[in-house]
Each structure stands twice: as structure tokens, then as C-alpha cells.
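Observations on chain architecture
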Amino acid sequence: MSFTDRYNTFLFDCDGVVWRGKNPVLGAPEVLKHLISLNKNVIFVTNNTSKTRAAYRDTFKSILGISVTDNQVYSAGITASLYVKRRLKPGEKIFLIGTKGLSETMEENGVDHIGYGCDIDGSYFTDFVDFVPESNVKFVVGAFDGYFNYAKMAQAYIYIKECGAEYIATNVDMNHALNDARLLPGTGAVLEGLTQSLGIQPKVLGKPSHLMFDMIRSEHNLQDKSKVLMVGDTLESDIQFGINSGVDTALVLSGITSRDMLNQDTSVNPKFVLDSIAELLK
């Protein structure tokens, strides 16, 4: 049975699966256009929080030549914004560790937030003796933040420890693939000091948590999980996400994971292993 006969909904990670950097993965535009022509549900799931849905629409158009709607794109940042929006009462806000794109995503969804930007006030313990936290901060949302520093860590710690804010993370990926040759520290690395000092783990909303899938399933009315396929290039994030969500998984070798890495790791087992998503049409 072909993939298109077996599945009605295809969940795709982005980087390493449909594009690499600013270039499409070979065959990806044709695969996606064909699936859309068959009226399949094509949904993109990414832990990258640096872009709004509007920015992702532009990226899909410029790299892949396809038009996507907002409800086809779910980033960990979008999931986080919708998660807190549904739980905040009027007048309540969040403390945000994140990028400009995530700040804009929060604004688009009407989430009042503080913390974004380069906070240079407070670089030593004694700088926080007289710190007065803002009222009604109910969540600390942690994501990748190039401006993350001791002042932000200290304020986030105070909001969680002293004010009872809930600690959530968009993801805890320890590395980010910059290109074929270079990995860099990811969101998990940025948040690790805060997490260790708190002595608690954040609630993770992005992959590999099933919470993002739960939101997708509800919004798209996906009744039969046996008709859903998750396609990704990482074992610990994408494939584990599919497993945690109770759907079939396909690992593509066009991104981070090589066949040697796959053979060395037997803890996470995809249902299918493909050279690239081009094989979905076979």
C-alpha cells in the first residue's frame, strides 16, 4: 500500500525535511504540491520559534513555491502563545524569554508579555535585593533568546519561585542545526541554567511533547490517528513526537540523522526510514 493510500494527514518538520537553510530538499516542492492536489491534510510542525505564521507563509512561498494557510503551520511558539492565551485572565501576563518573532506571535494572539529584548539591568546578585516583580505574571515562557543573560535568568527565577508563575518551554532541544556542517547550542542549552537552579523541569509544549499534536488534532478534527504520519529528520524530537502522539512515523535521512546514527540509537524506532520525502510518492 502506498503512503498516499495509507494516510490522510501528513505532519512535516521543516528544516532538514522540506528545506535546508534557504534551499528546498530535492523533490520536496513536488511532493507537497502532489499531496495538496490529493486533498491530503498537509501540516507543518517545527520547534523554531523565530517566525510568526505570516513569516512562515512567506518562507514556504519563497523556498518551496507553495501557499499555506495559518492553520497549516504550528511552531512551538504558536503553540505556546495559544496555550497561555487560553489560560490567562484579563490583566494577567507572561514573562517571555524569546526572540522578536516569538514576541510578535504573542502580540498577534493578544498575550501581554514582559521580558523581551536586551535587559542589561542587573548583572550581579546584589542588583536584585530591591527588585520588585510586576504583578499578575502567571507564566514564564522559555524559548531561544540571543539576549538571554543573568538578569533575565534571575527575574524568571523570581517569578517562578516567589510569585508562583508556571514554567513552560517551547522546546528543550540542546542543539540547533545551522547548516550541514555546523551545530550550535539550542533552546535547551539556553534554559538549562534556569532549569537546574529551579530544580524543576518546565512543561514542554513543542516536540517531542504530545501537546502540540493534541492542539492540531482538536483544531483539524483528526479522529483516526492511524491515518496520520509524522515525517521528521531527528529521532529525539520528531520521531519521539510522533510516538508520544500515537501516530506512525517516518525518519528522513536528508537532515540531522544519518544512517550510522540511526543504527547506533535503538531507543527510538521510526516505522519507516526514507532517504528523503521524495520517497513518499513511491
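The rules behind these values
- Residues numbered from 1 in each chain as written.
- Predicted model: local features only at pLDDT ≥ 70, side-chain atom pairs only at ≥ 80, totals over all residues.
- Heavy atoms only, no water.
- Pairing = 2+ DSSP bridges.
- Helix = DSSP H or I, 4+ residues; strand = E, 2+ residues; numbered from the N terminus.
- Contact = heavy atoms within 4.5 Å.
- Axes fitted to C-alpha atoms, helices over the stretch in contact; angles between N-to-C directions.
- Core = buried A, V, L, I, M, F, W, Y, C linked by side-chain atoms within 4.5 Å.
- Buried < 20%, exposed > 50% of the residue type's maximum accessible area, 1.4 Å probe, protein only.
- Polar contact = N/O pair within 3.5 Å; in protein donor to acceptor, adjacent residues only side chain to side chain.
- Salt bridge = Lys/Arg side-chain N within 4 Å of Asp/Glu carboxyl O.
- Phe/Tyr/Trp six-rings, centres within 6.5 Å; stacked < 30°, edge-to-face > 60°.
- Lys NZ or Arg CZ within 6 Å of the ring centre and 35° of its normal.

**Considering the sheet that holds strand β7 (residues 113–114)**
Taken in spatial order, the 5 strands line up as β7-β6-β8-β9-β12 in an open sheet, and their pairing is parallel. The strands lining the two open edges of the sheet, one partner per strand, are β7 and β12 (203–204). On the sheet, helix α5 (residues 100–108) packs against β6 (93–97), β7 and β8 (137–142) and is oriented at approximately 160 degrees with respect to β6.

**Side note on the nonpolar core**
If you look at the biggest cluster of nonpolar residues, it comprises 33 residues, and the most contacted ones within it are Phe12, Val18, Phe44, Phe60, Ile277 and Leu280. Apart from residues no more than four positions distant in its own chain, Leu280 is found in contact with Phe3, Thr4, Phe10, Phe12, Val31, Leu229, Val231 and Leu274. In this structure, Val140, Phe148, Tyr159 and Ala169 belong to the second largest nonpolar core, which totals 16 residues.

**A closer look at the side chain of Asn47**
Mapped onto the elements of the fold, Asn47 is located in the loop between β4 (41–46) and α3 (53–64). Within the local environment of Asn47, its side chain forms a polar contact with the side chain of Ser237, the two groups lying 3.5 Å apart. Setting aside residues up to four positions removed in sequence, Asn47 forms contacts with Ala76, Thr170, Asn171, Asp173, Gly206, Lys207, Met212 and Ser237.

**With respect to the pattern of salt bridges**
Across all of its chains, the model carries 8 salt bridges by this definition. A salt bridge links Lys203 to Glu166; the nearest nitrogen and oxygen atoms lie 3.7 Å apart. Placement of Lys203 in strand β12 and of Glu166 in strand β9 (residues 166–169) is noted, with a sequence separation of 37 residues between them. Accessibility expressed as a relative area gives 27% for Glu166, which makes it partly exposed. For the salt bridge of Lys207 with Asp238, the shortest nitrogen-to-oxygen distance reads 2.6 Å. Placement of the pair is Lys207 in the loop between β12 and α8 (211–220) and Asp238 in helix α9 (residues 235–245), with a sequence separation of 31 residues. Across the pair, Asp238 and Lys207 agree in class, each one buried. Salt bridges sharing common partners tie together Asp13, Lys207 and Asp238.

**Focus: the packing of aromatic side chains**
Evaluated as defined, the whole model comprises 12 aromatic pairs. Judged by centre distance (6.3 Å) and plane angle (75 degrees), the rings of Tyr7 and Phe10 are edge-to-face. The exposure classification of Tyr7 matches that of Phe10, with both residues buried. Grouping aromatic residues by their ring pairs yields a cluster made of Tyr7, Phe10, Phe12, Trp19, Phe44 and Phe60. Here Arg53 stacks its cationic end above the ring of Tyr74, 5.0 Å away from the centre of that ring. We note Arg87 situated over the ring of Tyr83; from NZ or CZ to the ring centre the distance is 3.6 Å.

**Overview of α5**
Of all the residues in α5, the buried ones are Gly101, Leu102, Ser103, Thr105 and Met106. Buried-residue contacts for α5 involve α4 (76–85), β6, β7 and β8. With its phi angle positive at about 70 degrees, Gly110 sits one or two positions after the end of α5.

**Section: the sheet that holds β4**
One open sheet holds the 6 strands; their spatial order is β5-β4-β1-β13-β14-β15, and the pairing between them is parallel. In the strand order of this sheet, the two ends are held by β5 (73–75) and β15 (272–274), each with one partner. Averaged over all neighbouring strand pairs, the angle between strand axes comes to 20 degrees, with direction disregarded. Bridging between strand β1 (residues 9–12) and strand β13 (residues 228–232) involves 4 bridges; their strand directions are parallel. Counterpart to Phe10 in the pairing with β13 is Leu229. Sitting on the sheet, α3 touches β4 and β5, and the angle it makes with β5 is about 120 degrees.

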